[in-house]
Amino acid sequence: EVQLVESGGGLVQAGGSLRLSCAASGFTFDDYAIGWFRQAPGKEREGVSCISSNDGRTIYKESVKGRFTISRDNAKNTVYLQMNSLKPEDTAVYYCAAVSSLLVVPGHPWPEQYEYDYWGQGTQVTVSS
């Protein structure tokens, strides 16, 4: 059974930090890039960051650049999202998702949401002002 399980969310004051984890099982982790997405109340889900399967390429939403860092540990089948200097506008449910590494090609656009194969259930991040 394919599973992506997010953890590490919670309530934090503005300026604080959280580290989200995405633990994967049931598929060949090394063959997939992993993305983080978020959805705030009343808003559409948006991409936050993505990391390629094994060459370390990353991409970030403009508003989180310099504050968030994505990383992965293939030995542990886990991807992390370190979030620093959090702002109230970062409040959302955060999801991780897996997309085939065949769709993550250097020099080409990163995959769209609909191209992701597997999704987690999400973890709530709330940033108070």
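Bear in mind the structure is a predicted one, so any value in this text is a computation, not a measurement.

What counts, and at which threshold
Residues numbered from 1 in each chain as written. Predicted model: local features only at pLDDT ≥ 70, side-chain atom pairs only at ≥ 80, totals over all residues. Heavy atoms only, no water. Helix = DSSP H or I, 4+ residues; strand = E, 2+ residues; numbered from the N terminus. Contact = heavy atoms within 4.5 Å. Pairing = 2+ DSSP bridges. Axes fitted to C-alpha atoms, helices over the stretch in contact; angles between N-to-C directions. Disulfide = S-S within 2.5 Å. Buried < 20%, exposed > 50% of the residue type's maximum accessible area, 1.4 Å probe, protein only. Phe/Tyr/Trp six-rings, centres within 6.5 Å; stacked < 30°, edge-to-face > 60°. Lys NZ or Arg CZ within 6 Å of the ring centre and 35° of its normal.

Engineer: Tell me about the environment of Tyr32, and name the residues and values.
Structural biologist: In this structure, Tyr32 sits in strand β4 (residues 32-39). Aside from chain neighbours lying at most four places away, what touches Tyr32 is Phe27, Ser53, Arg72, Ala98, Val99, Ser100, Ser101, Asp117 and Tyr118.

Engineer: Describe in detail the sheet that holds strand β8 (residues 78-83), supporting the description with residues and values.
Structural biologist: With antiparallel pairing, 4 strands are arranged side by side in an open sheet as β1-β3-β8-β7. Of all the strands in the sheet, the pair left with one neighbour each is β1 (3-7) and β7 (68-73). Looking at each pair of strands side by side, their axes are set apart by 15° on average, direction ignored. Pairing of β1 with strand β3 (residues 18-25) involves 5 bridges; the strand directions are antiparallel. Bridged to Leu4 within β3 is Ala24.

Engineer: I'd like to hear about the state of the cysteines, residue by residue, with values.
Structural biologist: Taken as a whole and judged by the stated rule, the model has 1 disulfide. Covalent S-S linkage joins Cys22 and Cys96, the inter-sulfur distance amounting to 2.1 Å. Torsion about the S-S bond of the Cys22 and Cys96 cystine: about 70°, corresponding to right-handed handedness. Within this pair, whereas Cys22 is found in strand β3, its partner Cys96 is found in strand β9 (residues 92-100), the two being separated by 74 residues in sequence. With respect to burial, Cys22 and Cys96 carry one shared label: buried. The thiol of Cys50 is unpaired, and the distance to the nearest cysteine sulfur, on Cys22, comes to 11 Å.

Engineer: Now, about the packing of aromatic side chains: what can you tell me, with residues and values included?
Structural biologist: Counting across every chain of the model gives 7 aromatic pairs. Pairing Phe27 with Phe29 gives two aromatic rings, centres 6.5 Å apart and planes at 50°, and the pair type is tilted. By relative accessible area, which is 13% here, Phe27 ends up buried. Aromatic ring contacts, followed pair by pair, group Phe27, Phe29, Tyr32 and Tyr118 into a single cluster. Lying across the ring of Tyr95, Arg45 places its NZ or CZ 5.9 Å from the centre. Here Arg45 stacks its cationic end above the ring of Trp119, 3.8 Å away from the centre of that ring.

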